[in-house]
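# Topology and contacts: notes
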Amino acid sequence: MRKFTHLKGLVAPLDRANVDTDAIIPKQFLKSIKRSGFGPNAFDEWRYLDHGEPGMDNSRRPLNPDFVLNKPRYQGASVLLVRDNFGCGSSREHAPWALEDYGFRAIIGPSFADIFFNNSFKNGLLPIKLPEAEVDIIFKQVEEHQGYALDIDLDKQTITRPDGKKISFEIDGFRKHCLLNGLDDIGLTLQKADLIKAFEAKRRAEQPWLFA
Amino acid sequence: MPQTLYDKLWNNHVVHTEEDGTTLLYIDRHLVHEVTSPQAFEGLKLANRKLWRISSIVATADHNTPTDHWELGIQDPISRQQVETLDANIKEFGALAYFPFKDERQGIVHVMGPENGATLPGMTVVCGDSHTSTHGAFACLAHGIGTSEVEHVMATQCLLQKKSKSMLVRVDGKLGAGLTAKDIALAIIGKIGTAGGTGYAIEFGGEAIRALSMEGRMTLCNMAIEGGARAGMVAVDDNTINYLKGRPFAPKPEQWGAAVAYWRTLVSDEGAEFDRVVTLDAAEIQPQVTWGTSPEMVTTIDGAVPSPDDFADPVKREGVARALQYMGLTPRTPMAEIPIDKVFIGSCTNSRIEDLREAAAVAKGKHVAANVKLAMVVPGSGLVKRQAEAEGLDRVFRDAGFEWREPGCSMCLAMNADRLEPGERCASTSNRNFEGRQGNGGRTHLVSPAMAAAAAVTGHFADVRKL
Ligand code: SF4
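Residues numbered from 1 in each chain as written. Chains lettered and ligands numbered in written order. Predicted model: local features only at pLDDT ≥ 70, side-chain atom pairs only at ≥ 80, totals over all residues. Heavy atoms only, no water.

Phi is positive for Asn18 of chain A, which is not a glycine, with a value near 55 degrees. When you line up the elements, Asn18 of chain A lands in the loop between β1 (6-13) and α1 (21-24). Even without being a glycine, Ala414 of chain B presents a positive backbone phi close to 60 degrees. Looking at the secondary structure, you find Ala414 of chain B in the loop between β17 (403-404) and β18 (425-428). Note on Ala414 of chain B: relative accessible area 5%, which makes it buried. (Helix = DSSP H or I, 4+ residues; strand = E, 2+ residues; numbered from the N terminus. Buried < 20%, exposed > 50% of the residue type's maximum accessible area, 1.4 Å probe, protein only.)

Attention now goes to the interface of chain A and chain B. Between chain A and chain B, the residue contacts involve 58 residues of the former and 76 residues of the latter. When chain A packs against chain B, close to 5600 Å² is buried across both sides, 56% of that on carbon and sulfur atoms. By the criterion of area lost to chain B, the three top residues of chain A are Lys31, Ile33 and Trp209 of chain A, representing 15% of everything that side buries. Between Lys31 of chain A and Asp76 of chain B there is a salt bridge, with its nearest N and O atoms 2.6 Å apart. Where the side of chain A that touches chain B is concerned, the elements lending two or more residues are α2 (44-47), α3 (94-102), α4 (114-121), α6 (173-181), α7 (185-190) and α8 (193-206) of chain A. At eight residues, α8 of chain A tops the list of elements feeding residues into the side of chain A that touches chain B. Taken together, the residues that form the side of chain A that touches chain B break down as 20 nonpolar, 15 polar and 23 charged. (Contact = heavy atoms within 4.5 Å. Buried area = accessible area lost by both parts, 1.4 Å probe. Salt bridge = Lys/Arg side-chain N within 4 Å of Asp/Glu carboxyl O. Nonpolar A, V, L, I, M, F, W, Y, C, P; charged D, E, K, R; others polar.)

Our next topic: the site of the ligand. With respect to spatial proximity, the complete set of residues near the ligand consists of His63, Ile108, His110, Asp129, His131, Ser347, Cys348, Cys409, Cys412, Leu413, Asn431 and Arg437 of chain B. Per-class residue counts for the shell around the ligand are five nonpolar, five polar and two charged. (Near = heavy atom within 4 Å.)

We now examine the pairing of strand β16 (residues 374-377) of chain B. In β16 of chain B, alternate side chains face the same way, and those of Leu374 and Met376 of chain B on one face and Ala375 and Val377 of chain B on the other are all buried. Since strand β15 (residues 342-345) of chain B and β16 of chain B lie parallel, the crossover through helix α12 (residues 353-363) of chain B that links them has a hand, and here it is right-handed. (Right-handed = clockwise from strand over helix to strand, strands pointing away.)

Counting residues in each nonpolar core, the largest one holds 109 residues, and the members touching the most others are Phe43, Leu80, Phe86, Leu126 and Ile152 of chain A. Per element, the largest residue contribution to this core is seven residues, and it comes from helix α15 (residues 449-458) of chain B. In terms of nonpolar packing, the next biggest core, distinct from the first, is built from 83 residues, Leu141, Val169, Ala185 and Met218 of chain B among them. (Core = buried A, V, L, I, M, F, W, Y, C linked by side-chain atoms within 4.5 Å.)

This part takes up helix α3 (residues 77-93) of chain B. Residue and element names in this part refer to chain B. Under the 1.5 Å per step criterion, the end-to-end length of α3 is 24 Å for 17 residues, consistent within 8% with the ideal 24 Å. Here α3 has its buried residues at Ser79, Gln82, Val83, Thr85, Leu86, Asn89, Ile90 and Phe93. Down the axis of α3, the smallest arc covering the buried residues is 150 degrees, so these residues share one side. When the buried face of α3 is taken as reference, the exposed residues oriented beyond 90 degrees from it are Pro77, Lys91 and Glu92. N-capping of α3 is provided by Asp76, with a side-chain oxygen placed 3.0 Å from the backbone N of Ile78. Where α3 ends, the next residue or the one after it, Gly94, has phi of about 95 degrees, a positive value. (Expected span 1.5 Å × (residues − 1). Arc of directions from axis to C-beta. Polar contact = N/O pair within 3.5 Å; in protein donor to acceptor, adjacent residues only side chain to side chain.)

Residues and elements named next belong to chain B. Taken in spatial order, the four strands make up an open sheet running β11-β10-β9-β12, and their pairing is parallel. If you trace the sheet from one side to the other, it starts and ends with β11 (231-233) and β12 (276-281), each paired once. Averaged over all adjacent pairs, the angle separating strand axes in this sheet is 20 degrees, with direction ignored. Pairing between strand β9 (residues 165-172) and strand β10 (residues 200-205): six bridges, direction parallel. The residue bridging Ser166 from the neighbouring strand is Ala201, located in β10. Across the sheet, helix α6 (residues 181-192) touches β9, β10 and β12, and the angle it forms with β12 is around 125 degrees. (Pairing = 2+ DSSP bridges. Axes fitted to C-alpha atoms, helices over the stretch in contact; angles between N-to-C directions.)

Next up on the list: the pairing of strand β3 (residues 29-32) of chain B. All names here are of chain B. Neither face of β3 is left uncovered, since the one carrying Arg29 and Leu31 and the one carrying His30 and Val32 both have all their residues buried. Bridge analysis of β3 against strand β6 (residues 124-127) gives three bridges, and the strand direction is parallel. Across the sheet, His30 pairs through a bridge with Val126, a residue of β6. Relative to strand β4 (residues 57-60), β3 runs parallel, the two sharing three bridges. Of the residues in β4, the one forming a bridge with Val32 is Ala59. Regarding topology, helix α2 (residues 38-46) serves as the crossover connection from β3 to the parallel β4, and that connection is right-handed.

Right under this line is the structure:
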């Protein structure tokens, strides 16, 4: 997994609540058996004027000029600013894969759906929960200032706004450790293989019908 | 200290807890399907890892499989590749059971698991699919996971988790005639909102829940995720135990007694405390129909489409305006006056035998209305299909002008050939009415199977109690 330590990134605002993972990456792209290459189809139905299917040359498709990520001022954004309940719906990890492949490294919003939140950390994408009022201010500032960028320091757990104000955020110790060091969960868990084996043996003795 | 059912399930699976509460949780059952597993198997191969416990895996192909002309195989080459990739992976890695495309026990993963007894009380159940919450109907701790977690469970038999908060949703009293678990589920989501359960594990309790069959409880737990909760669950009672008896993967006769004795303990203790309690009165629940692009955008059959002006919060108001525009609806239109183009009876929410019986009872002796282009019934599995045919339900549906299909996810998410065309309006028994969910530009209204059948035969949404 890619490490996440510090990021200074342009912010793109997606001002709608309940953005579901079907919208982040529509189902026709889930037929892929790979993990990469989903970026050009992130938000496909909002982003393009035609209907996207796997295998199309996305660079030749007509863009929807009204969709916020298509505005020239947000090109190159690496921080996505969102509203409540972002990432709800399907558990597809293709959603964080698509956002990461698009170029986002952090997502800031008031709340995230649980599965999406989890999936993001596994892919070096940092979701940050901030109080609604803080998010409102950032939305306003982004709109007012072209080239609005935030400075995110994971180690210190702070976001610095262009006006100099520092906002701190919460994150699980374990998740922070994994992100900062780019650690793979599986390798870490397998260090505890003996504990797992002991647990399993006990369970097998107590509830043998589970091990048919 | 009195424990909730969730506490018991959680405590029973803790392998190790870190200082910050991150817990290594042991997983008993891992259900696998073709869409969210290929990258996980690929990851195992790249790292030269094996499955930790082959016998925990039960797999099937469901999302991409066609629902007609099985003799032609899977026409779409990319869908076919995904299904064949699963075939190859199971062959290479192994599984307790695999029900591939066309197998008589193949079906939607959340229908197939319980009907084979692969979901048992007290288990932790995971699957790379958000509707894994369904299995909580059996007093399991069951939730959806992402593909990285699928790989993690495959390689370690464990999941890294933090304990959720607990919520009790208690539905007191008796449900009226013509109402179903689906109406309860939508009424709950209407009340708590689609993010209401975020961060919680929900236990459904109360007289109305105890009165539900296992099929009904699965419908309810299935939709826990639409209320934001990764896991929904119902305590064990006689219904649970009677349902499991004799199923292929249920405990063998010599272990049955010990298993049942343990299962009986899987209830919340008297006086156990929940972080949040929500109560509903079953007698007040009316037939539900959604009008928008989120399951919380729901009203009753005698209600009307709302106006954005009804909402004070600007983000909400704009969301409603956008939903109405997408859905092609005018504020204040009575729900019962909205005509439909298609009807879909199926999905892991409502494709079990009881659902098909309820829909058939409404369709019997009537005919699909002239303005309805397609009304399809898609059984949840090969076994459900066979049972329905044994009961003559296929005849009832066919005689009424419905199409009777082969099992699979079908038009629930339209990864196969079954889909809505842009602008088409559908009465659907599935669980998500998101933009484009049933086909690009398609308009989905979520209802119960009985209400879907009522819409099919009248051509518009209709109160099933008044037909
Ligand atoms: S029926 Fe629909 S919701 Fe259920 S598993 Fe299939 S696609 Fe997902």
